[in-house]
Amino acid sequence: SELLRLLEEAGDDALQPGHSGQPNSSSDLPLESGKMKRKRAQTPLEKYDLNYLCVTDLSTQSWCEQQMVYGRELPQQQAPETVVLLNTGKSIHLARELEVHDVVKVHTTSKEDSWAIKILNLLSVIPVLQAGGCVRELPVFGIIEDVFLMGIIDELCYSAKGELELRELKTRGLPFMPSRAQKKKDYFQVCLYKYIFDAMVQGQLKPDVITSHIHLRPEQPLGSHIREHAQKVGFTVTCFGDLLELMYLNMTLSDIPSIDCLKIEYSHQESNTLLGTEVVQFEEEKVRERAQYYLAYWKGRREVQGVEIEEAWKCQSCSYSEICDWRRKRAEGPEQRSGPKKSK
Ligand code: SF4
C-alpha cells in the first residue's frame, strides 16, 4: 500500500506546552511548602516549559551549550546565512523523503492527537523495515536520566551484509568535510538515535512511561482525522492509549534488530555532491556519560557552560559573540567564571 507520512495541522486546542521554547510565566512556579513559602529556582526544563527534549538539543549543546541557550532565547539574532543554510538543508531532507513516501497534513484537536501522528508515522514504517526495506524520517523516543528524548532518524536501511544501518545526511555550505569538532557533534547525534531506538526495540519504553513524562492522557479519544488515517494504515483505534499499546507491541514483537552500523554522509548543498561518509563507533557507556553531563544542565544541577579556551575559535563564527557573557568572563580571567570546569 501507499506509504504516507503524516504532518500535523494543529487545531486551536491542540497547542501543547512541552517543546514550545516559550518561558513559563513566573506565576507558574511551584511554591515550596513550609512557613517561608519561598519559590524554588526553576530548572531550565521548567523555565522553557519543556517536558521533553529533542536529540538535536543535546547535539547542539555539545558544540557550545551557551550558544544553544542563546539560540533558544534569541533565535532572531542568528546570522542570516545560518538561517538560509538550515532552511536549504530542510528542503533537501524533504525532497529525499518524498522519494520514498508522500506527506499528508492531518488535522489535530488535542496534544494526544499530535503525539498520535508521530506514533502513526512510526507504526506505518515497521512493516517496511520487517520486509527489509528502507525508511526515511523515522520518529524515535526514549528516556535518558529520566528525561524524555525524541528524534527523527534520517534513514534506516539494510546493508548488503544484511545489517541494519542508520544513515544521517548532513548538508554543508562549504565544499569540504567538516572539522573534527563538528564531526564530534554529529557523531553524538547518531549515537543518541541508536541508544533510544535500540531501547525501543528491546521493549524498554513502556506506554505508561511516555504518558507520565509528556503528561498525556491514555484515555483521551483520538480525533476523527487521526482515526481515519490509522484505519488507512491498518489500525483500528479509539483512544490514545490504544496507539501506545500498538507501538509497544509492534516495536518489540516485530523482530526488528538493533542498529548495527552508524553512517553520516556529508554533501555540499550547492553542487549536491557527496563530500564523504563517516562510520561512527558506538560506545554505550561514553554516550550515556555525555548525555548525563548535558542533561545535568537541563535539570538545574549545574550552570550553563560556554566553550573552553582551546575551542575559543568557535566564538569567531558565533552569532552571539557580541553579547556572550561566558566569552566576556573568559576574557576577564578564569576566576571570574562561575560553575565547575567543563570536563567533556
Ligand atoms: Fe559559545 Fe563562544 Fe558563542 Fe559564547 S561566543 S555562545 S562561548 S561559541
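Given the structure is predicted, the values throughout are model-derived calculations rather than measurements.

A.B. asks: Any chance you could break down the overall build of the protein chain for me, citing the residues and the numbers?
C.D. replies: Assigned secondary structure in the protein chain consists of 12 helices and eight strands. Looking at the protein chain residue by residue over its 344 residues, the buried ones come to 48%. Put simply, 72% of the contacts in the protein chain that link residues at least 6 apart link residues at least 24 apart.

A.B. asks: Tell me what's going on with helix α3 (residues 65–73), and back it up with residues and numbers.
C.D. replies: Residues three or four positions apart in an α-helix share a direction because the helix packs 3.6 residues into each turn. In terms of residue burial, α3 counts as a mostly covered element, since seven of its nine residues are buried. Within the sequence span of α3, burial applies to Glu65, Gln66, Gln67, Met68, Val69, Tyr70 and Arg72. Buried residues in α3 make contact with α2 (55–63), α10 (284–298) and α12 (325–332).

A.B. asks: Residues and numbers for the site of the ligand, please.
C.D. replies: Residues in close proximity to the ligand include Cys64, Gln66, Gln67, Gly306, Val307, Cys315, Cys318, Ser321, Cys324, Trp326 and Arg327, which together make up its full environment. More than half of the atoms belonging to the ligand lie within 2 Å of the grid points that define the largest cavity. If you list the elements that add at least two residues to the shell around the ligand, you get α3 and α12. Partitioning the shell around the ligand into residue classes produces six nonpolar, four polar and one charged.

A.B. asks: Quick one: what's the story with empty space enclosed by the protein, residue by residue and with numbers?
C.D. replies: All told, the structure shown has five cavities of 30 Å³ or more when counted by the stated rule. Taken as a whole, the largest cavity holds about 90 Å³ of empty space. As for the largest cavity, its lining consists of Cys64, Gln66, Gln67, Tyr70, Val307, Lys314, Cys315, Cys318, Ser321, Cys324 and Trp326. Among the elements of the structure, α3 and α11 (313–316) are those that each provide at least two residues to the lining of the largest cavity. With three residues, the top contributor of residues to the lining of the largest cavity is α3.

A.B. asks: Got a sec to walk through the environment of glycine 306? Specific residues and values, please.
C.D. replies: Inspection of the secondary structure assignment puts glycine 306 in the loop between α10 and α11. In this structure the C-alpha to C-alpha distance between glycine 306 and arginine 330, which are 24 residues apart in sequence, comes to 9.2 Å.

A.B. asks: Can you lay out the confidence of the model for the protein chain for me, pointing to particular residues and giving the numbers?
C.D. replies: Per-chain confidence: the protein chain averages 85 in pLDDT, with 81% of residues scoring 70 or above. Note that pLDDT drops below 50 for residues 20–34; the model gives that stretch 27 contacts with residues more than four away or on any other chain. Contacts from residues 338–344, a stretch scored under 50 in pLDDT, to residues over four places away or in other chains number 14 contacts.

A.B. asks: Which residues make up the state of the cysteines, and what are the values?
C.D. replies: By definition, a disulfide is the covalent link that joins the sulfur atoms of two cysteine residues. In the structure shown here, the tally under the stated rule is one disulfide. There is a disulfide in this structure between cysteine 134 and cysteine 157, and the S-S distance comes to 2.3 Å. Negative torsions about the S-S bond denote left-handed disulfides, and the value of about -50 degrees found for cysteine 134 with cysteine 157 makes this one left-handed. Of the two residues, cysteine 134 sits in the loop between α5 (111–130) and β4 (135–144) while cysteine 157 sits in strand β5 (residues 147–158), which places them 23 residues apart along the sequence. Cysteine 134 gets classed as partly exposed once you look at its relative accessible area, which sits at 27%. You can call cysteine 157 buried: its relative accessible area is 6%.

A.B. asks: Explain the packing of helix α6 (residues 180–201) against helix α9 (residues 240–253) to me, and be specific about the residues and the numbers.
C.D. replies: Across the interface, α6 lies against α9 with an axial gap of 7 Å and an inter-helix angle of 95 degrees. Regarding the angle of α6 to α9, the classification is roughly perpendicular. Packed against α6, whose contacting residues are Phe197, Met200 and Val201, the element α9 presents Met247, Met251 and Thr252 at the interface.

A.B. asks: So, α10: which residues are in play, and what are the values?
C.D. replies: With 15 residues, α10 extends 21 Å between its outermost C-alpha atoms, agreeing within 8% with the 21 Å of an ideal straight helix rising 1.5 Å per residue. Those residues of α10 not exposed but buried are Val287, Arg290, Ala291, Tyr293, Tyr294, Leu295, Ala296, Tyr297 and Trp298.

A.B. asks: Describe the pairing of strand β8 (residues 273–280), naming the residues involved and giving the relevant values.
C.D. replies: Note: strand β7 (residues 261–268) against β8, seven bridges, orientation antiparallel. Each residue of the ladder has a partner; that of lysine 263, found in β8, is valine 279. Between the end of β7 and the start of β8, which pair antiparallel, lie four residues, with asparagine 272 showing a positive phi angle near 55 degrees.

A.B. asks: How would you explain the pattern of salt bridges if you had to name every residue and give the values?
C.D. replies: For the structure shown, the criterion picks out 18 salt bridges. Across the salt bridge formed by aspartate 186 and lysine 185, the nearest N and O atoms sit 3.9 Å from each other. Aspartate 186 sits in the buried class, given a relative accessible area of 1%. In this structure lysine 185 comes out as buried when scored by relative accessible area, which is 18%. A salt bridge links arginine 288 to glutamate 285; the nearest nitrogen and oxygen atoms lie 2.7 Å apart. Remark: glutamate 285 and arginine 288 occur in helix α10; sequence separation between them is three residues, near one turn of the helix. Note on arginine 288: relative accessible area 25%, which makes it partly exposed. Overall, the relative accessible area of 45% leaves glutamate 285 in the partly exposed class. Bridged by salt links that share partners, the residues Arg136, Glu155, Glu165, Arg167 and Lys263 form one connected network.

Conventions used here
- All residue numbers here refer to positions counted from 1 along the written sequence of the relevant chain.
- Totals for whole chains, interfaces and linings use all residues, but because this is a predicted model, local features are given only for residues with pLDDT of at least 70 and pairs of side-chain atoms are given and counted only at 80 or more.
- Side-chain metrics rest on all non-hydrogen atoms present in the structure, leaving aside hydrogens and water.
- Per the convention used, a helix needs a DSSP run of H or I reaching at least four residues, while a strand needs a run of E reaching at least two, with both numbered from the N terminus.
- Three exposure classes are used, based on accessible area relative to the maximum for each residue type with a 1.4 Å probe and protein chains only: buried under 20%, partly exposed in between, and exposed over 50%.
- Contacts are residue-level and defined by heavy atoms, with any inter-residue pair within 4.5 Å sufficient.
- Nearness is defined per residue: one heavy atom within 4 Å of the molecule or strand is enough.
- Grid points spaced at 1 Å over the protein atoms alone were grouped into cavities, where a 1.4 Å probe fits but cannot get out, and pockets, open sets with protein on both sides within 12 Å along at least five of seven lines, with lining residues defined by an atom within 4 Å of a point.
- Think of it this way: a molecule belongs to a cavity or pocket when more than half its atoms come within 2 Å of the grid points there.
- The nonpolar class holds Ala, Val, Leu, Ile, Met, Phe, Trp, Tyr, Cys and Pro. Asp, Glu, Lys and Arg form the charged class, and all remaining residues, Gly among them, are polar.
- Grid points are joined across faces, edges and corners, and a volume is the space filled by probe spheres set on the points.
- One number per residue, pLDDT, summarises how confident the predictor is, and it ranges from 0 to 100.
- Two cysteine sulfurs form what is called a disulfide whenever their separation falls within 2.5 Å.
- All axes here are fitted lines through C-alpha atoms, helices being fitted over the stretch that makes contact, and every angle between N-to-C directions spans 0 to 180 degrees.
- To sort the angles, those under 35 degrees are grouped as roughly parallel, those over 145 as roughly antiparallel, those from 65 to 115 as roughly perpendicular, and the leftovers as oblique.
- Helix span, expected: 1.5 Å multiplied by one less than the number of residues in the helix.
- By this definition, two strands are paired if DSSP reports at least two bridges between them.
- The rule for a salt bridge is simple: a side-chain nitrogen of Lys or Arg has to be within 4 Å of a carboxyl oxygen of Asp or Glu.

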